[in-house]
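Coordinate analysis (summary)
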Amino acid sequence: LWGGINPFTPRHTKTCIASLEAQGKSADVAIIGDKGRGQLRRLHADYIKMSLTEVESPGNYTLAGAIASDLIASGAGDYDAVVIMYNAFKNKGSYEQFYKVIKPFSGQGEDEPLLAYEF
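The rules behind each value
- Residues numbered from 1 in each chain as written.
- Predicted model: local features only at pLDDT ≥ 70, side-chain atom pairs only at ≥ 80, totals over all residues.
- Heavy atoms only, no water.
- Helix = DSSP H or I, 4+ residues; strand = E, 2+ residues; numbered from the N terminus.
- Buried < 20%, exposed > 50% of the residue type's maximum accessible area, 1.4 Å probe, protein only.
- Contact = heavy atoms within 4.5 Å.
- Areas by Shrake-Rupley, 256 points an atom, 1.4 Å probe, with all protein chains shown as cover.
- Pairing = 2+ DSSP bridges.
- Expected span 1.5 Å × (residues − 1).
- pLDDT = per-residue confidence, 0-100.
- Right-handed = clockwise from strand over helix to strand, strands pointing away.
- Axes fitted to C-alpha atoms, helices over the stretch in contact; angles between N-to-C directions.
- Parallel < 35°, antiparallel > 145°, perpendicular 65-115°, else oblique.
- Left-handed = near helix turned anticlockwise from the far one by under 90°.
- Nonpolar A, V, L, I, M, F, W, Y, C, P; charged D, E, K, R; others polar.

**Notes on the overall build of the chain**
A count of helices and strands for the chain gives three helices and four strands. Of the regular secondary structure in the chain, the N- to C-terminal order runs α-β-α-β-α-β-β. Taken across its 119 residues, the chain has 18% of its residues classed as buried. Taking as baseline every contact in the chain between residues at least 6 positions apart, the subset at least 24 positions apart corresponds to 41%. Accessible surface, the chain: about 8,800 Å² in total, of which carbon and sulfur atoms supply 54%.

Put into structure tokens, the structure is as follows:
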């Protein structure tokens, strides 16, 4: 979840948790890195299911695969979606904020994810 020095990620994580709760849904949080962990731990410690602090940067596919395996082992396969929030370096004074929504790669009938690619 983390990267950079600004508070976008913890603030947006809090907003997402509140939004999901308003819809009657629940959320789990996995944090990568130390920045922001303290901010979320104060108000949302119950949501933090995983925290990885000794992660080297830049990441690679092996690291991403290991993190994904840990998430799946902790129950992420049962989620409706996974949201990845992160900051990307823009210049010395600023970072760009991004988030990606990843939905499960399963479904039947109209919900089949590869329906458009079948002949």
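On we go from here.
**Concerning the pairing of strand β3 (residues 82-91)**
As paired strands, β3 and strand β4 (residues 94-102) are joined by nine bridges and run antiparallel to one another. Bridged to Ala-88 within β4 is Glu-96. Two successive antiparallel strands, β3 and β4, enclose a turn made up of two residues.

**Observations concerning the environment of Pro-10**
Looking at where Pro-10 falls in the secondary structure, it is placed in helix α1 (residues 8-22). Separated by 28 residues in sequence, Pro-10 and Gly-38 have C-alpha atoms that sit 9.4 Å apart.

**Quick notes on α1**
With 15 residues, α1 extends 21 Å from end C-alpha to end C-alpha; this agrees with the ideal 21 Å at 1.5 Å per step. All of the buried residues along α1 are Phe-8, Thr-9, Pro-10, Thr-13 and Ile-17. If you follow the buried residues of α1, they end up packed against β1 (29-32), α2 (37-44), β3 and β4. Once α1 ends, the next one or two residues include Gly-24, with phi positive near 80°.

**Digging into the confidence of the model for the chain**
Confidence in the prediction of the chain, expressed as mean pLDDT, is 77, and 81% of residues score 70 or more. Per-element confidence in the chain ranges from a low mean pLDDT of 79 for α2 to a high of 86 for α1.

**What to know about the pairing of strand β2 (residues 48-52)**
As paired strands, β1 and β2 are joined by four bridges and run parallel to one another. Bridged to Ala-30 within β2 is Met-50. Remark: the β1/α2/β2 crossover connection has right-handed handedness.

**Some remarks on the environment of Asp-28**
Positionally, Asp-28 belongs in the loop between α1 and β1. Residues contacting Asp-28, with those up to four places away along its chain left out, are Tyr-47, Lys-49 and Tyr-79.

**A look at the packing of α1 against α2**
Direction vectors running N to C along α1 and α2 enclose 30°, while the axes themselves pass 9 Å from each other. Between α1 and α2, the crossing angle belongs to the class labelled roughly parallel. The two elements α1 and α2 meet at a crossing, and its hand is right-handed. Touching Pro-10, Thr-13, Lys-14 and Ile-17 of α1 are Gln-39, Leu-40, Leu-43 and His-44, all from α2. Among the residues making up the contact of α1 with α2, the classes are represented as four nonpolar, three polar and one charged.

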